[in-house]
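# Descriptive analysis of the structure
What follows is each chain in one-letter form.
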Amino acid sequence: MREVEVALREFPSRQVLAETLAEKVVSVLAEALSARGKAVMAVSGGTTPALFFRTLSDRDLDWSRVTVTLVDERFVDEASPRSNARLAKENLLRGRAAAARFAGLYRDTADVEAAAELADETARALGLPFDVVVLGMGGDGHTASFFPDAPTLADLLAPVNQTLVAPVHAPSGGEPRLTLTMPALAGARFLALHIEGEAKRAVLASALKGEDLPIRAVLEHAERPVEVFWAP
Ligand SMILES: O=C(O)[C@H](O)[C@@H](O)[C@H](O)[C@H](O)COP(=O)(O)O
């Protein structure tokens, strides 16, 4: 079992967490723009990030040189309330951040495998390492679409992967999924895990103690210490 190193930051409220995470993300993106003239950020979907997204969207940054992509996506179009692209566009790509470019993962193809091939080309064109990756985590210890019941979980967790975007079929994930693979996550210049609530704090604690959860694999392979942002 490889050692993991995390910086656990606990906040008194979800609002203070959102403000602090937004401030950190802006500083990393601004440094990327200054150093390389462009920046790439991958964000997660689900229910946790909305407040963080809205807080970040109002921050002052040259958003026109930032590309926002997704850590994972459900194989649905933006008309679906399950769409992470829809969540990002409604909550993050508004206000000042409306100027950012968006590179989603969903493609209107016959199956999720075909969509993953196209999204993989897009992700490659963005270039690694991404500057910012913000992960969420489910109550089962999944992150991205690395679901414990995914038949391809071992491939998804492999530190070396020839593709940056993979299709996922996991009963617990609902629809077929599209997910960034481990290299795109583990190599991030700033890798954050944003979780809220006591239940997820306990799941993280189990992972830190060595429980073999998908989140633990990401913590183990992260090239830099993962910064955990937690609020009750
Ligand atoms: O598409 C998704 O669902 C997310 O990217 C996923 O990895 C999410 O981060 C966790 O499932 C936590 O989701 P909640 O924030 O809804 O608990």
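Residues numbered from 1 in each chain as written. Predicted model: local features only at pLDDT ≥ 70, side-chain atom pairs only at ≥ 80, totals over all residues. Heavy atoms only, no water.

- The name an unreviewed UniProt entry gives the protein chain is 6-phosphogluconolactonase, with Kumtagia ephedrae as the organism.
- Its UniProt record gives the protein chain the following Function (unreviewed entry) comment, quoted word for word: "Hydrolysis of 6-phosphogluconolactone to 6-phosphogluconate."
- Of the comments in the UniProt record for the protein chain, the one headed Pathway (unreviewed entry) reads "Carbohydrate degradation; pentose phosphate pathway; D-ribulose 5-phosphate from D-glucose 6-phosphate (oxidative stage): step 2/3." (UniProt positions renumbered as here; feature names shortened; annotations may be inferred.)

## Section: the packing of helix α1 (residues 14–36) against helix α2 (residues 50–57)
- In contact at an axis separation of 8 Å, α1 and α2 are set at 50 degrees when each is read in the N-to-C sense. In terms of axis orientation, α1 runs oblique to α2. In this structure, α1 meets α2 at a crossing whose hand is right-handed. Along its contact with α1, which presents R14, Q15, A18, E19, L21, A22, V25 and V26, the element α2 presents L51, F52, T55 and L56.
- Tallied by class, residues from the contact of α1 with α2 come to 8 nonpolar, 2 polar and 2 charged. (Axes fitted to C-alpha atoms, helices over the stretch in contact; angles between N-to-C directions. Helix = DSSP H or I, 4+ residues; strand = E, 2+ residues; numbered from the N terminus. Parallel < 35°, antiparallel > 145°, perpendicular 65-115°, else oblique. Left-handed = near helix turned anticlockwise from the far one by under 90°. Contact = heavy atoms within 4.5 Å. Nonpolar A, V, L, I, M, F, W, Y, C, P; charged D, E, K, R; others polar.)

## Some thoughts on a negative patch on the surface
- Taken together, the side chains of D111, E113, E117 and E121 make up a negatively charged region of the molecular surface.
- Mapped onto the fold, E113 is located in helix α4 (residues 112–126).
- You can call E113 partly exposed: its relative accessible area is 34%. (Patch = residues over 30% accessible without salt bridge, like charges linked within 9 Å, V, L, I, M, F, W, Y side chains within 5 Å. Areas by Shrake-Rupley, 256 points an atom, 1.4 Å probe, with all protein chains shown as cover. Salt bridge = Lys/Arg side-chain N within 4 Å of Asp/Glu carboxyl O. Lys, Arg positive; Asp, Glu negative; His and termini not counted. Charge placed at Lys NZ, Arg CZ, Asp CG, Glu CD. Buried < 20%, exposed > 50% of the residue type's maximum accessible area, 1.4 Å probe, protein only.)

## Structural notes on the nonpolar core
- If you look at the biggest cluster of nonpolar residues, it comprises 85 residues, and the most contacted ones within it are V25 and M41.
- Of all the elements, α1 adds the most residues to this core, at 10 residues.
- If near-sequence neighbours (up to four positions away) are discounted, V25 is found in contact with M41, F52, L56, V132, V134 and F190. (Core = buried A, V, L, I, M, F, W, Y, C linked by side-chain atoms within 4.5 Å.)

## Observations regarding the environment of A79
- Relative to the helices and strands, A79 resides in the loop between β4 (72–74) and α3 (84–91).
- By relative accessible area, A79 is classed as exposed at 62%.
- Spatially, the C-alpha atoms of A79 and A186 are 31 Å apart, while their sequence positions differ by 107 residues.

## Overview of the packing of α2 against α3
- Between α2 and α3, the least distance of the axes is 8 Å, while the angle of their chain directions is 40 degrees. What the angle tells us is that α2 and α3 run oblique. Residues A50, F53, R54 and S57 of α2 lie in contact with α3, whose contacting residues are L87, A88 and N91.
- Here the residues of the contact of α2 with α3 sort into 4 nonpolar, 2 polar and 1 charged.

## Focus: the pattern of salt bridges
- Counted according to the given criterion, the structure contains 14 salt bridges.
- For E227, the salt bridge identified is with K24, shortest N-O distance 3.7 Å. Note that E227 is positioned in strand β10 (residues 226–231) and K24 in helix α1, a separation of 203 residues in sequence.
- Here the salt bridges share partners, and the residues they tie into one network are E31, R36, D131 and R189.

## Thoughts on the sheet that holds strand β7 (residues 165–168)
- If you trace the 3 strands from one edge of the open sheet to the other, you get β4-β8-β7, paired in antiparallel fashion. Two strands in the sheet have a free side with no partner beyond their single neighbour: β4 and β7. In this sheet, adjacent strand axes meet at a mean angle of 20 degrees when their direction is disregarded.
- Across 4 bridges, the pairing between β7 and strand β8 (residues 177–180) is antiparallel. Among the inter-strand pairings, V165 is bridged to a residue of β8, identified as L180. (Pairing = 2+ DSSP bridges.)

## Some remarks on the UniProt feature "domain: Glucosamine/galactosamine-6-phosphate isomerase" (unreviewed entry) in the protein chain
- Per the UniProt entry, the sites bearing "domain: Glucosamine/galactosamine-6-phosphate isomerase" (unreviewed entry) are residues 13–222 in this numbering.
- Each end of residues 13–222 is marked by a C-alpha atom, and these two atoms are 27 Å apart; helix forms 40% of the span and strand 17%.

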